[in-house]
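Residues per chain, in single letters:
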Amino acid sequence: VLDPASLGPALDGVHTAYYLVHLMSGPGDFEAQDRAAAAHFAAAARQAGVQRIIYLGGLGDDADPLLSAHLRSRHEVGEILRGSGVETIEFRAGMVIGAGSLSYRLMQSLTDRLPVMLCPAWLTTPTQPIAVEDVVAYLLAARILPAGASRCFEVGGPDVVTYAGLIREYARQRKLRRWLIFVPVLTPYLSGLWLALVTPATAEVGRHLIAGLKNATVVRDPSALDAFPIRPVGIAESIRRAITNTHA
């Protein structure tokens, strides 16, 4: 996607294209790279005659002046794709619980490795996670939506929890005894370094993710429940599935 010339052949003859790109883990200014990548893809899709783009972005309130760079970039990519003139179906999700989700892996690694956690204030932020199986179901169902204008759907499971609540539920199901001690002194920078020591993520990615965790990621528009027959499972079942798949 950062090589515009490569996109034409890839999109030749494509009716529906999925855009699941995020460049946060790469070097340099990820916002600028995401912006360029989305613009390249949007232009190539329009030129190739693609009929629909399906994009997975992130929850978060656009009106929030403190919206993190990570979430702001996710929303900007959606705007660029919609601006292409190609019908775009955007899904906005919070933490995806399951294999392949970096946010879930961070939570899993922290809980597995640290019996006592010094917890910053962002662990009390409300979030509405969704199981990876339900995200995939939404992405697949978007292929057969009737043609129309571009649309944006906010998706999440039925439970609104805090990140501390997710840690406690994961620990409960894994039969781990964990103590959470809340402190006000862990800055995003220090938290990112801390995450790099105990998780698979790099410090840079950890800092970007943590900056986004201070923003509430909850579904404010439930229209996805009217547009699709999908009924996402709750937190306990999402984590149970993720544990089963990870430790099978």
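Our subject is the structure listed above.
Residues numbered from 1 in each chain as written. Predicted model: local features only at pLDDT ≥ 70, side-chain atom pairs only at ≥ 80, totals over all residues. Heavy atoms only, no water.

1. Quick notes on the sheet that holds strand S1 (residues 16–19)
So, step 1. Sheet architecture is open: four strands sit in the order S1-S2-S3-S8, paired in parallel fashion. Each edge of the open sheet is held by one strand with a lone partner, namely S1 and strand S8 (151–155). Geometrically, the sheet is characterised by an average inter-axis angle of 20° between neighbouring strands, direction not taken into account.
So, step 2. Looking at chain direction, S1 and strand S2 (residues 52–58) are connected through four bridges and run parallel. Considered in S2, the bridge of alanine 17 is made with isoleucine 53.
So, step 3. Here helix H2 (residues 30–48) sits on the sheet and contacts S1 and S2; the angle it forms with S1, its principal contact strand, is near 180°.
So, step 4. The sheet strands contacting helix H5 (residues 132–141) are S1, S2, strand S3 (87–93) and S8, and the helix crosses S2 at an angle near 155°. (Pairing = 2+ DSSP bridges. Helix = DSSP H or I, 4+ residues; strand = E, 2+ residues; numbered from the N terminus. Axes fitted to C-alpha atoms, helices over the stretch in contact; angles between N-to-C directions. Contact = heavy atoms within 4.5 Å.)

2. Some points on the packing of H2 against helix H3 (residues 69–82)
So, step 1. Taken N-terminus to C-terminus, the directions of H2 and H3 make an angle of 15°; their axes are 9 Å apart at the nearest point. As far as their axial angle goes, H3 and H2 are roughly parallel. When you trace H2 past H3, the crossing you get is right-handed. From H2, Phe30, Glu31, Asp34, Arg35, Ala38, Ala39, Phe41 and Ala42 reach across to H3, where they touch Ala69, His70, Arg72, Ser73, Arg74, Glu76, Val77, Ile80 and Leu81.
So, step 2. Within the contact of H2 with H3, the residues separate by chemical class into nine nonpolar, two polar and six charged. (Parallel < 35°, antiparallel > 145°, perpendicular 65-115°, else oblique. Left-handed = near helix turned anticlockwise from the far one by under 90°. Nonpolar A, V, L, I, M, F, W, Y, C, P; charged D, E, K, R; others polar.)

3. What about the pairing of S2?
So, step 1. Across the seven residues of S2, six count as buried, placing the element largely inside the fold.
So, step 2. The sheet contact formed by S2 and S3 spans seven bridges and is parallel. Looking at S3, one finds that tyrosine 55 is bridged to glutamate 90.
So, step 3. Handedness of the S2-H3-S3 crossover: right-handed. (Buried < 20%, exposed > 50% of the residue type's maximum accessible area, 1.4 Å probe, protein only. Right-handed = clockwise from strand over helix to strand, strands pointing away.)

4. Examining the packing of aromatic side chains
So, step 1. This structure, assessed with the given rule, holds eight aromatic pairs.
So, step 2. Note on phenylalanine 91 and tyrosine 138: the rings are 5.7 Å apart at their centroids and 45° apart in plane angle, and the pair reads as tilted. Here phenylalanine 91 is found in strand S3, whereas its partner tyrosine 138 is found in helix H5, with 47 residues between them in sequence. (Phe/Tyr/Trp six-rings, centres within 6.5 Å; stacked < 30°, edge-to-face > 60°.)

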